[in-house]
Amino acid sequence: QVQLVESGGGLVQAGGSLRLSCAASGRTFSSYAMGWFRQAPGKERENVAAITWSSGNTYYANSVKGRFTISRDNAKNTVWLQMNSLKPEDTAVYYCAADSRFGRVLAGTSDYWGQGTQVTVSS
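Residues numbered from 1 in each chain as written. Predicted model: local features only at pLDDT ≥ 70, side-chain atom pairs only at ≥ 80, totals over all residues. Heavy atoms only, no water.

Novice: So what's going on with the state of the cysteines? Which residues, and what values?
Specialist: For the coordinates displayed, the defined rule picks out one disulfide. A disulfide bridge connects C22 with C96, and the sulfur atoms are separated by 2.1 Å. For the disulfide bridge between C22 and C96, the dihedral angle about the S-S bond is near -80°, and by the sign convention the bridge is left-handed. Residue C22 is found in strand 3 (residues 18-25), and its partner C96 is found in strand 9 (residues 92-99); the two are separated by 74 residues along the sequence. (Disulfide = S-S within 2.5 Å. Helix = DSSP H or I, 4+ residues; strand = E, 2+ residues; numbered from the N terminus.)

In structure tokens form, the structure reads like this:
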């Protein structure tokens with residue numbers, strides 16, 4: 001069982017930065033692939049970024065490539081999403097997800113999800 005708690009969301013002006021954190025409980029965090037998703041009102045959930053358990057592979061949506069960076073520290077049971085050059089279209093609730101299979105994280109069918117943190121980017 002893994003519990004995920006996101007933090008770091010807030011209100012920022014366009015062009016600004018935020019760093020989201022996802023703290024995980026459970027002794028097997030280091031064996032889980034992790035991902036960040038977002039969902040804006042009226043839109044489908046979007047896979048923003050994902051990372052394998054070893055940090056050997058990462059995935060980024062085209063919409064965030066070059067602006068967002070996913071990273072993790074297995075010793076701290078934490079995964080981060082550094083978001084730079086934020087745009088109003090990045091406004092959404094951001095969710096952290098975990099699964100033993102990277103493919104399931106990419107597919108959005110992870111076993112474990114956090115409650116989400118709101119990110120609002122003003123123009």
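Novice: Describe the side chain of R72, and please don't skip the residues or the numbers.
Specialist: Along the polypeptide, R72 turns up in strand 7 (residues 68-73). Despite its burial, R72 remains without a salt bridge, the nearest opposite charge being carried by D73 at 8.1 Å. Polar contacts involving the side chain of R72 include one to the main-chain carbonyl oxygen of Y32, which spans 2.6 Å. At a separation of 3.1 Å, a polar atom in the side chain of R72 contacts the main-chain carbonyl oxygen of T52. Dropping the residues within four chain positions of it, R72 is found in contact with F29, S30, Y32, A33, M34, I51, T52, W53, S55, T78, V79 and W80. (Buried < 20%, exposed > 50% of the residue type's maximum accessible area, 1.4 Å probe, protein only. Lys, Arg positive; Asp, Glu negative; His and termini not counted. Salt bridge = Lys/Arg side-chain N within 4 Å of Asp/Glu carboxyl O. Polar contact = N/O pair within 3.5 Å; in protein donor to acceptor, adjacent residues only side chain to side chain. Contact = heavy atoms within 4.5 Å.)

Novice: How would you explain the sheet that holds strand 3 if you had to name every residue and give the values?
Specialist: Within a sheet, adjacent strands bond to each other through the backbone by hydrogen bonds, running parallel or antiparallel. A sheet is described by the order of its strands in space; here four strands give the open sequence 1-3-8-7, paired in antiparallel fashion. The sheet terminates laterally at strand 1 (3-7) and strand 7, the two strands that pair on one side only. Pairs of neighbouring strands in the sheet enclose a mean axial angle of 15°, with direction left out of account. With five bridges connecting them, strand 1 and strand 3 associate as antiparallel partners. (Pairing = 2+ DSSP bridges. Axes fitted to C-alpha atoms, helices over the stretch in contact; angles between N-to-C directions.)

Any functional reading would require information that these geometric values do not contain.
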